[in-house]
Amino acid sequence: MGPPEVYPDHESLSRAAAGAIVEEGGRAMGGSGADRRFTMALAGGSTPRRAYELLAVTPLAEALDWRRVHVFWSDERCVDPADARSNERMVREALLDRVAIPAEQVHAVRCAAQDGLQGKDCAERAAVAYEATLRRFFPLDLVVLGLGDDGHTASLFPSSAALAEESRWVAAVPPAAAGTGPHGTANRDLWRVTLTAPFINTAACVLFVVSGAAKAAVVRDVLEGPADTRRLPAQLIRLRGGRLRWLLDKDAAALLAARPEGGRTRETAAL
Ligand code: 6PG
């Protein structure tokens, strides 16, 4: 893992994240083999939305051959895709509805109540189905992740059973039991489906995109604190041979002791 890459603000962080996605797409689709494709799982939440929006407009939109891109999700809340809490809806609005990606190359997690199933049965069925889909594209070229202020990433929450998953690639995550203490993330009252750490760790590249002062303490704990993966599940993300990149804005990096001097990026170097 290289040193964290620090940007002045959310907008420049988003530009860098969008550029990193294009860079990974170029690695995946470059080289020989006209049939090379680019497979990426995208994070939900709010932080990456602006990066996705930038991917949908000139100049970056033309930088990827969307006919060869396959999009997945790092996790999903088990709600209807039209629901404002849906990660699928956020990515479609910010990006997919605005680029020429073939519909069959958008691989959404469908775990909302349907066919008379709901809750656990729906989430479990969706996890099995999604894993079967992923097996057709393994390993992914890129996984984009966010970080919750409680140390979770994707829907891998502190002390959850999914953290112990060593074989499955996708897991169903139950709603947080009422009164189980403060949750850094809204929408803990929903069933969720998440990629598991063992699967994420097989990706060619994992990109954490983290913004804001509210994340500064957890960024410090995850990157510089003692290993404690039950309390800080983001620490489970350790790639074997791939590239693990942390893209932060200045506020999210504010408590890092080993402050990267001016960041490791063209953009901050030019400041
Ligand atoms: C989700 C996300 C989640 C998110 C973090 C950070 O479904 O909730 O996938 O893992 O990345 O909670 O969320 P923000 O970017 O909104 O701070």
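Being a predicted model, the structure only gives us computed values, none of them experimental. (Residues numbered from 1 in each chain as written. Predicted model: local features only at pLDDT ≥ 70, side-chain atom pairs only at ≥ 80, totals over all residues. Heavy atoms only, no water.)

Caption draft 1: Spotlight on the overall build of the protein chain. Broken down by element type, the protein chain carries seven helices and nine strands. Out of the 271 residues in the protein chain, the part that is buried amounts to 55%. Considering only intrachain contacts with a sequence separation of at least 6, the fraction spanning at least 24 residues in the protein chain is 78%. When the accessible surface of the protein chain is split by element, carbon and sulfur atoms take 52% of a total near 11,600 Å². (Helix = DSSP H or I, 4+ residues; strand = E, 2+ residues; numbered from the N terminus. Buried < 20%, exposed > 50% of the residue type's maximum accessible area, 1.4 Å probe, protein only. Contact = heavy atoms within 4.5 Å. Areas by Shrake-Rupley, 256 points an atom, 1.4 Å probe, with all protein chains shown as cover.)

Caption draft 2: Representation of the site of the ligand in the model. For the ligand, the set of nearby residues contains 15 residues, the closest of which are Ser46, Thr47, Asp75, Ala154 and Lys215. One nitrogen or oxygen atom from the side chain of Asp75 is found 2.6 Å from an oxygen atom belonging to the ligand. With respect to the ligand, the side chain of Lys215 contributes an N or O atom lying 2.7 Å from an oxygen atom. About the coverage of the ligand: the protein hides 90% of its 420 Å² of free accessible area. (Near = heavy atom within 4 Å. Polar contact = N/O pair within 3.5 Å; in protein donor to acceptor, adjacent residues only side chain to side chain.)

Caption draft 3: Quick look at the pattern of salt bridges. One pass over the structure, following the stated rule, counts 22 salt bridges. The partner of Glu5 in a salt bridge is Arg245, with the nearest N and O atoms 2.8 Å apart. Of this pair, Glu5 sits in strand S1 (residues 5-7) while Arg245 is found in strand S9 (residues 243-249), placing the two residues 240 residues apart along the sequence. With respect to burial, Glu5 and Arg245 carry one shared label: buried. Among the ionic contacts, a cluster of salt bridges with common partners joins Glu11, Arg15, Arg49, Arg50, Glu53, Arg89 and Glu93. (Salt bridge = Lys/Arg side-chain N within 4 Å of Asp/Glu carboxyl O.)

Caption draft 4: Up close: the sheet that holds strand S7 (residues 192-195). The strand order S4-S7-S6 describes an open sheet built from three strands, whose pairing is antiparallel. The open sheet has two free edges, formed respectively by strand S4 (75-77) and strand S6 (170-173), since each of these has just one partner strand. Shown here is a sheet whose adjacent strand axes are inclined to one another by a mean of 15°, direction ignored. Sheet strands in contact with helix H4 (residues 119-135) are S6 and S7, and its direction is about 165° off that of S6. (Pairing = 2+ DSSP bridges. Axes fitted to C-alpha atoms, helices over the stretch in contact; angles between N-to-C directions.)

Caption draft 5: The arrangement of the environment of Ala18 in detail. With respect to the element layout, Ala18 can be found in helix H1 (residues 10-29). Using a relative accessible area of 0% as the deciding quantity, one classes Ala18 as buried. The residues contacting Ala18, other than those within four sequence positions of it, are Ala51, Leu54, Leu55 and Leu60.

Caption draft 6: Fine view of unusual backbone geometry. Omega for the peptide link from Thr58 to Pro59 comes to 5°, which places this bond in the cis form. With respect to the helices and strands, Pro59 occurs in the loop between helix H2 (49-55) and strand S3 (69-73). The step from Phe138 to Pro139 runs through a cis peptide bond, and the omega angle for that step is -10°. Relative to the elements of secondary structure, Pro139 occurs in the loop between H4 and strand S5 (142-145).

Caption draft 7: Quick peek at the nonpolar core. Core analysis: the biggest nonpolar cluster contains 90 residues, and Tyr52 and Val206 have the highest contact counts within it. For this core, the element with the most residues is H1, which contributes nine residues. Once residues lying within four places of it in the same chain are set aside, the contact partners of Val206 are Val143, Leu145, Ile200, Ile237, Leu239, Arg243, Leu244 and Arg245. (Core = buried A, V, L, I, M, F, W, Y, C linked by side-chain atoms within 4.5 Å.)

Caption draft 8: Geometry of the sheet that holds strand S2 (residues 38-42). Here six strands make up an open sheet; going across it, the order is S1-S9-S8-S5-S2-S3 and the pairing parallel. Of all strands in the sheet, those bounded by a partner on one side alone are S1 and S3. Shown here is a sheet whose adjacent strand axes are inclined to one another by a mean of 20°, direction ignored. Across the sheet, H1 lies against S1, S2, S3, S5, strand S8 (205-210) and S9, angled at about 160° from S9, the strand it touches most.

All quantities given are derived from atomic positions and should not be read as evidence of function.
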